[in-house]
Amino acid sequence: MRPVLVLTHAPHEGPGAVARALDVPYRVRTVLDDPAPRLPRPDEVAGVVVMDGPMDADDVVGHPGLAAERALLAAAVDADVPVLGVCLGHQLLALALGSRLHRRSAREVGFAPVRVVADDPVLRGLGAAGSTPTVLHWHGDAVDLPPGATLLAETDATPVQAFRAGSALGLQFHPELDAAMLDLWLATPEMAADLEDGEAERIRADGARVLPGLVPAAAAAFAAFAAQVRARA
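Residues numbered from 1 in each chain as written. Predicted model: local features only at pLDDT ≥ 70, side-chain atom pairs only at ≥ 80, totals over all residues. Heavy atoms only, no water.

### Observations concerning the pairing of strand 4 (residues 83–86)
In step 1: Of the two faces of strand 4, the one holding Val 83 and Gly 85 and the one holding Leu 84 and Val 86 are both buried throughout.
In step 2: Inspection of the sheet shows strand 3 (residues 47–50) paired to strand 4 by three bridges, in the parallel sense. In the strand pairing of strand 4, Val 49 is matched with Leu 84.
In step 3: The parallel pair strand 3 and strand 4 is bridged by helix 2 (residues 65–78), and the resulting crossover is right-handed.
In step 4: One ladder, built from four bridges, connects strand 4 with strand 12 (residues 168–171); its direction is parallel. What sits directly across from Val 83, in strand 12, is Ala 168. (Buried < 20%, exposed > 50% of the residue type's maximum accessible area, 1.4 Å probe, protein only. Helix = DSSP H or I, 4+ residues; strand = E, 2+ residues; numbered from the N terminus. Pairing = 2+ DSSP bridges. Right-handed = clockwise from strand over helix to strand, strands pointing away.)

### Some details on the sheet that holds strand 1 (residues 4–7)
In step 1: Spatially, 2-1-3-4-12-11-10-7 is the arrangement adopted by the eight strands of the open sheet, whose pairing is mixed. Where the open sheet ends on each side, the last strands, each with one partner, are strand 2 (26–29) and strand 7 (115–116).
In step 2: Two strands pair when backbone bridges link them, and strand 1 and strand 3 are joined in this way by four bridges, in the parallel orientation. Across the sheet, residue Leu 7 finds its bridge partner in strand 3, namely Val 50.
In step 3: Of the strands in this sheet, strand 1, strand 3, strand 4, strand 11 (162–165) and strand 12 are in contact with helix 2, which crosses strand 3 at around 140°. (Contact = heavy atoms within 4.5 Å. Axes fitted to C-alpha atoms, helices over the stretch in contact; angles between N-to-C directions.)

### Some points on the pattern of salt bridges
In step 1: Within this structure, the stated rule accounts for 17 salt bridges.
In step 2: With its nearest N and O atoms 2.8 Å apart, the salt bridge here joins Arg 107 to Glu 199. Residue Arg 107 is found in the loop between strand 5 (101–102) and strand 6 (108–113), and its partner Glu 199 is found in helix 6 (residues 199–232); the two are separated by 92 residues along the sequence.
In step 3: Overall, the relative accessible area of 6% leaves Glu 199 in the buried class.
In step 4: Taken together, the shared-partner salt bridges connect Asp 56, Asp 58, Arg 103, Arg 104 and Asp 141 into one network. (Salt bridge = Lys/Arg side-chain N within 4 Å of Asp/Glu carboxyl O.)

### Structural notes on the packing of helix 4 (residues 179–187) against helix 6
In step 1: Viewed as axis vectors pointing N to C, helix 4 and helix 6 meet at an angle of 175°, and their least axial separation amounts to 11 Å. Judged by the angle between their axes, helix 4 and helix 6 are roughly antiparallel. Residues Ala 179, Leu 182, Asp 183 and Leu 186 of helix 4 pack against Ala 200, Ile 203, Arg 204, Gly 207 and Leu 211 of helix 6.
In step 2: Class assignment of the residues belonging to the contact of helix 4 with helix 6 gives a composition of six nonpolar, one polar and two charged. (Parallel < 35°, antiparallel > 145°, perpendicular 65-115°, else oblique. Nonpolar A, V, L, I, M, F, W, Y, C, P; charged D, E, K, R; others polar.)

### Quick look at the side chain of His 63
In step 1: By the secondary structure assignment, His 63 is in the loop between strand 3 and helix 2.
In step 2: Not counting chain neighbours up to four residues away, the residues in contact with His 63 comprise Leu 32, Asp 33 and Met 55.

### Description of the nonpolar core
In step 1: Leu 84, Trp 138 and Ile 203 are the most contacted members of the largest nonpolar core, which totals 49 residues.
In step 2: In terms of residues, this core owes the most to one element, helix 6, which gives twelve residues.
In step 3: Excluding its chain neighbours within four sequence positions, the residues that come into contact with Trp 138 are Cys 87, Glu 108, Val 109, His 174, Trp 185, Leu 186, Met 191, Asp 194, Leu 195 and Ile 203.
In step 4: With 29 residues, the next largest nonpolar core counts Ala 76, Leu 88, Ala 96 and Ala 149 among its residues. (Core = buried A, V, L, I, M, F, W, Y, C linked by side-chain atoms within 4.5 Å.)

Function cannot be read off these values alone, since they describe shape.
Written out as structure tokens, the structure is:
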């Protein structure tokens, strides 16, 4: 059985609910600073998941492993391998497909709605077209819609919050978190440094209100992704 490859970029930013939804083997790797990482070929994996991190998606000089991640993502989409990119992973996926990154263009931090503008078999777990689910945002960069991709969700600050490109789904926001993972983020100095006065308390309070409904919705979305993976495994 082929495994799912999960690429991470920071120890506190793991796959969370994505991993809990997978019912096939998966391998977690971090190749961020490796100039020549040995990554599997698309025909060797059942799926590829790329998670968040604090670095810029186009910083291949500071983090040379990002170039290999982008090459793998492009090859995986070409091979029709199920791909899920979250936040930084969403941006890396977009760049791999020919998009552009806009640094520091759209700071969104905290729980707020997104507008779902098109239906998708995975994103549907969080909300169908026309709905406005509340999700956790934590980013300052944004990407353009890759050529040929379908826009799935948007906000005023970030026009591309989610997109579908063949077998790949990119999510700029964070449905992978539960209450324990949110507490970890708020206690991590690197994450807390991004917050303005009072933001941590507001995010914690909003999480207590939003996560009881968001967690099962995200589980449904990731279960749909897991089904796509299982069909290939």
